[in-house]
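A look at the structure
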Amino acid sequence: MALLEVKHVFKLFNVDSRQMEALRDINLEIKEGEFICFIGPSGCGKTTLLRIIAGLEKPTTGQVLLDGQEIKGPGPERGMVFQEYSLFPWKTVIDNIGFGLELKRVPKVKRYDRSRGYLQMVGLEKFEERYPHELSGGMKQRVAIARALVNDPRALLMDEPFGALDAQTRNIMQSELLRIWQEEKKIVIFVTHSVDEAIYLGDRIVIMSARPGRIKDIIEIDLPRPRNRTSPEVNAIRDRILCDLRSEIVTTC
């Protein structure tokens, strides 16, 4: 059964005294432990949909259910990771990770032990007393992932989290994310502009149409991990996705 359900979600924005339709009739079911990637043209509503699932935006009509309960706002059962890291510059790495636990008034010793455990999971146990400005981009994103996971969410929502990284670091972070996901067994919903990244990471790839965003296609990636980025099977999937995306980009030009 689906753990997360998106049901007939529409989203309208008011722009210059006119209504703009960002999302049109989005329907999707996601099972526990699935890794789902969203891809589509710029402005197609991928991030808007992710923010609705996070509870940061409300749908104009429709609803999102998590374990049968309608999402009406942000909650600890959904962890969010952004492209720009969003770390507190005045807090150390260990304190950044434990911030959510601090808000929930978890005792200091328990908070430290739990934060330390996730710091070890992302391979930064030697950097717990460092500050964000002392870290590389990849290390900052590891801290952001640990901070999202320390609250034990049911789903991890990621909005182009590796978009600002160089190619080599991005590949390393993709592999690290898969390792963490396989250990944690969380739902991961991952927004990306990279076809190669989506194929390497996802169980399913949801292709969005140009605005108003609709689900144009869903591709199941039935390939073992770790995936060979240049295999004939991967190339065939890449060609299918690029064909879908090309037709959408042409309609907006």
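What you see is a predicted model, and the numbers here were worked out from it, not measured in a lab.

**Description of the pattern of salt bridges**
Tallying each qualifying case throughout the model produces 18 salt bridges. Here lysine 186 makes a salt bridge to aspartate 152, at a shortest N to O gap of 2.4 Å. Of this pair, lysine 186 sits in the loop between helix 6 (167-184) and strand 8 (187-191) while aspartate 152 is found in the loop between helix 5 (137-149) and strand 7 (155-159), placing the two residues 34 residues apart along the sequence. Note that arginine 179 and glutamate 176 form a salt bridge whose closest N and O atoms lie 2.7 Å from each other. Of this pair, arginine 179 and glutamate 176 both sit in helix 6, 3 residues apart, which is roughly one turn of the helix. One network of salt bridges, in which partners are shared, links Arg142, Glu176, Arg179 and Glu183.

**Some remarks on the sheet that holds strand 1 (residues 2-15)**
Overall, antiparallel pairing links the 4 strands, which are arranged 2-1-4-5 in an open sheet. The sheet is open, and its two edges are formed by strand 2 (18-31) and strand 5 (69-70), each paired on a single side.

**Concerning the sheet that holds strand 7**
Ordered in space as 6-7-8-3-9-10, the 6 strands form an open sheet in which the pairing is mixed. Each edge of the sheet is formed by a strand with only one pairing partner; in this case those strands are strand 6 (78-81) and strand 10 (215-220). Averaged over all pairs of adjacent strands, the angle between strand axes in this sheet comes to 15°, irrespective of strand direction. Where strand 3 (residues 35-39) lies against strand 8, 4 bridges are found, and the strand directions are parallel. Bridge pairing in strand 8 links cysteine 37 to phenylalanine 190.

**What to know about the state of the cysteines**
The full count for this structure, using the stated rule, is 0 disulfides. There is no disulfide at cysteine 37, and the cysteine sulfur nearest it, in cysteine 44, is 14 Å away. Since its relative accessible area comes to 0%, cysteine 37 is described here as buried. Classification of cysteine 44 by relative accessible area gives buried; the value is 0%.

**What about the side chain of arginine 238?**
Relative to the assigned elements, arginine 238 resides in helix 8 (residues 232-252). Residue arginine 238 is classed as buried on the basis of its relative accessible area, which comes to 17%. The residues contacting arginine 238, other than those within four sequence positions of it, are Val195, Asp196, Ile199 and Arg229.

**Here we look at the pairing of strand 4 (residues 61-66)**
Of the strand pairs in this sheet, strand 1 and strand 4 are connected by 5 bridges, and their pairing is antiparallel. By the bridge assignment, phenylalanine 10 is partnered in strand 4 with threonine 61. The pairing of strand 4 with strand 5 spans 2 bridges and is antiparallel. Looking at strand 5, one finds that leucine 65 is bridged to glutamate 70. Remark: 2 residues form the turn of the hairpin made by strand 4 and strand 5, two consecutive strands paired antiparallel; aspartate 67 in that turn has positive phi of roughly 55°.

**So, the packing of aromatic side chains**
Throughout the structure, instances matching the rule amount to 5 aromatic pairs. With centroids separated by 5.5 Å and ring planes inclined at 80°, the aromatic side chains of phenylalanine 35 and tryptophan 181 adopt a geometry described as edge-to-face. One end of the pair, phenylalanine 35, is in strand 3; the other, tryptophan 181, is in helix 6, and 146 residues separate them in sequence. Overall, tryptophan 181 belongs to the buried group, its relative accessible area being 10%. Ring centres of phenylalanine 88 and tryptophan 90 lie 5.2 Å apart, and the angle between their planes is 40°; on these two criteria the pair is classed as tilted. For phenylalanine 88, a relative accessible area of 21% corresponds to the partly exposed category. Among the residues examined, tryptophan 90 registers a relative accessible area of 60% and is labelled exposed. Aromatic ring contacts, followed pair by pair, group Phe35, Phe162, Trp181 and Phe190 into a single cluster. The side chain of arginine 147 reaches across the aromatic face of phenylalanine 88, ending 5.8 Å from its centre.

**Digging into helix 5**
Its 13 residues place the ends of helix 5 19 Å apart at the C-alpha level, agreeing with the 18 Å of an ideal helix rising 1.5 Å per residue. Where burial is concerned, most of helix 5 is hidden: 11 out of the 13 residues are buried. Buried within helix 5 are the following residues: Gly138, Met139, Gln141, Arg142, Val143, Ala144, Ile145, Ala146, Arg147, Ala148 and Leu149. Where the residues of helix 5 are buried, they touch strand 6, helix 2 (93-97), helix 4 (108-121), strand 7 and helix 6.

Rules used throughout
- Residues numbered from 1 in each chain as written.
- Predicted model: local features only at pLDDT ≥ 70, side-chain atom pairs only at ≥ 80, totals over all residues.
- Heavy atoms only, no water.
- Salt bridge = Lys/Arg side-chain N within 4 Å of Asp/Glu carboxyl O.
- Helix = DSSP H or I, 4+ residues; strand = E, 2+ residues; numbered from the N terminus.
- Pairing = 2+ DSSP bridges.
- Axes fitted to C-alpha atoms, helices over the stretch in contact; angles between N-to-C directions.
- Disulfide = S-S within 2.5 Å.
- Buried < 20%, exposed > 50% of the residue type's maximum accessible area, 1.4 Å probe, protein only.
- Contact = heavy atoms within 4.5 Å.
- Phe/Tyr/Trp six-rings, centres within 6.5 Å; stacked < 30°, edge-to-face > 60°.
- Lys NZ or Arg CZ within 6 Å of the ring centre and 35° of its normal.
- Expected span 1.5 Å × (residues − 1).

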